[in-house]
Amino acid sequence: MKKLIFAGILAATGLTATANAQIQKGNWMVGTSLLSSNFGLNTGGGYDIALQPKAAYFVNDNVAVGGYVDLGIKKVTNGSPTDFTYGVGALGRYFLSPGEKGVDNLLHHGRWFLEGNVGIGGRSVENGDSTTGLDFGAGPGYSYFITPNIGLEGLVKYRGRAGFGSEGLNSNITFNVGFSLYFPTSKAKEVANDLK
């Protein structure tokens, strides 16, 4: 019994240490956020799906910089117009250290983070409403490492689009659920070599 408890403590400590190692300088983060998903179950019900693939490189410990692509489609009811969203741009993420400014980990295998993005994007609706211009957003999130290299993520984010078209500005607050893969640059090189 003592061996089993000791093995459990070692495994938990190792996972936490590995999670911290995954967000060190020189590592990569690749993942996606499922911004929203709502499928209507009633007759005439609609759907709302949006994906945001992203990739970032850790330029310092806890600091990642990269890019994102935003693709979305929404239809409220069977007879309503279809709403398309799109965007591409730069993204930054800062992971808070345990105990930093009074922030403690909610769970021992995860990290709080702040994420922001800025780029070019827009929204187009079949009835003619549209906006194309600056795409921006910011918000806090949490990444829970289910393995040393895979993090399940939740993110509450303010998103806005400002520019040209029939709508000058549209914005909303989204709850994003997704995952990210964290790996060192050496592993990325191995995968690239395997693809050749």
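You'll find the structure just up there.
Here is a short report on the structure shown in this document.

Analysis parameters
Residues numbered from 1 in each chain as written. Predicted model: local features only at pLDDT ≥ 70, side-chain atom pairs only at ≥ 80, totals over all residues. Heavy atoms only, no water. Helix = DSSP H or I, 4+ residues; strand = E, 2+ residues; numbered from the N terminus. Buried < 20%, exposed > 50% of the residue type's maximum accessible area, 1.4 Å probe, protein only. Phe/Tyr/Trp six-rings, centres within 6.5 Å; stacked < 30°, edge-to-face > 60°. Lys NZ or Arg CZ within 6 Å of the ring centre and 35° of its normal. Salt bridge = Lys/Arg side-chain N within 4 Å of Asp/Glu carboxyl O. Pairing = 2+ DSSP bridges. Patch = residues over 30% accessible without salt bridge, like charges linked within 9 Å, V, L, I, M, F, W, Y side chains within 5 Å. Areas by Shrake-Rupley, 256 points an atom, 1.4 Å probe, with all protein chains shown as cover. Core = buried A, V, L, I, M, F, W, Y, C linked by side-chain atoms within 4.5 Å. Contact = heavy atoms within 4.5 Å.

This part covers unusual backbone geometry. For Asn62, which is not glycine, the phi torsion reads 75° and is therefore positive. With respect to the secondary-structure elements, Asn62 resides in the loop between β2 (45-60) and β3 (63-77). Exposure remark for Asn62: the relative accessible area of 12% places this residue in the buried category.

Going through the model one piece at a time under the given rule, you end up with eight aromatic pairs. Judged by centre distance (6.4 Å) and plane angle (40°), the rings of Phe58 and Tyr182 are tilted. Pair noted here: Phe58 is in strand β2 and Tyr182 is in strand β8 (residues 169-184), with a separation of 124 residues, a long-range link. For Tyr182, a relative accessible area of 0% translates into the label buried. Three or more aromatic residues joined by ring pairs make a cluster, and in this case those are Phe58, Phe95, Phe113, Phe145 and Tyr182. Directly above the ring of Phe113 sits Arg93, whose terminal nitrogen or CZ lies 3.8 Å from the centroid.

This part is about the pattern of salt bridges. Between side chains of opposite charge, a pair can form when the charged atoms approach closely. This structure, assessed with the given rule, holds nine salt bridges. Between Glu115 and Lys54 there is a salt bridge whose closest N-O contact spans 3.1 Å. Of the two residues, Glu115 is situated in strand β5 (residues 110-125) and Lys54 in strand β2; the sequence distance between them amounts to 61 residues. Ionic pairing is found between Asp70 and Arg161, a salt bridge with its closest N-O pair at 3.6 Å. Placement of Asp70 in strand β3 and of Arg161 in strand β7 (residues 150-164) is noted, with a sequence separation of 91 residues between them. Assessed through its relative accessible area of 0%, Asp70 is described here as buried. Salt bridges sharing common partners tie together Lys54, Arg93, Glu115, Glu153 and Lys157.

Another aspect to go through is the pairing of β7. Both faces of the sheet carry side chains from a regular strand, because those side chains alternate between them. With 13 bridges connecting them, strand β6 (residues 130-147) and β7 associate as antiparallel partners. Counterpart to Leu134 in the pairing with β7 is Ala162. Turn length for the β6-β7 hairpin, with the two strands adjacent in sequence and antiparallel, is two residues. Pairing analysis gives 13 bridges linking β7 to β8, with the strands arranged antiparallel. The partner of Lys157 across the bridge, within β8, is Thr174.

Moving on: a nonpolar patch on the surface. A surface patch of nonpolar side chains, amounting to about 390 Å² of accessible area, comprises Val30, Ile146, Leu152, Phe179 and Leu181. Tracing the sequence through the fold places Leu152 in strand β7.

So, on to the pairing of β6. In this structure, β5 lies alongside β6, joined through 15 bridges in antiparallel fashion. For Phe113, the partnering residue across the bridge sits in β6 and is Gly141. In this antiparallel pair of consecutive strands, β5 and β6, the connection spans four residues, and Gly128 shows a positive phi of 115°.

A few words now on the nonpolar core. Ile23, Met29, Ala56, Phe58, Ala64, Phe95, Phe113, Phe145, Leu155 and Tyr182 together form the largest nonpolar core, which totals ten residues. In this structure, Leu155 is in contact with Phe113, Glu115, Gly139, Pro140, Gly141, Thr174, Phe175 and Asn176, ignoring residues within four places of it in sequence.

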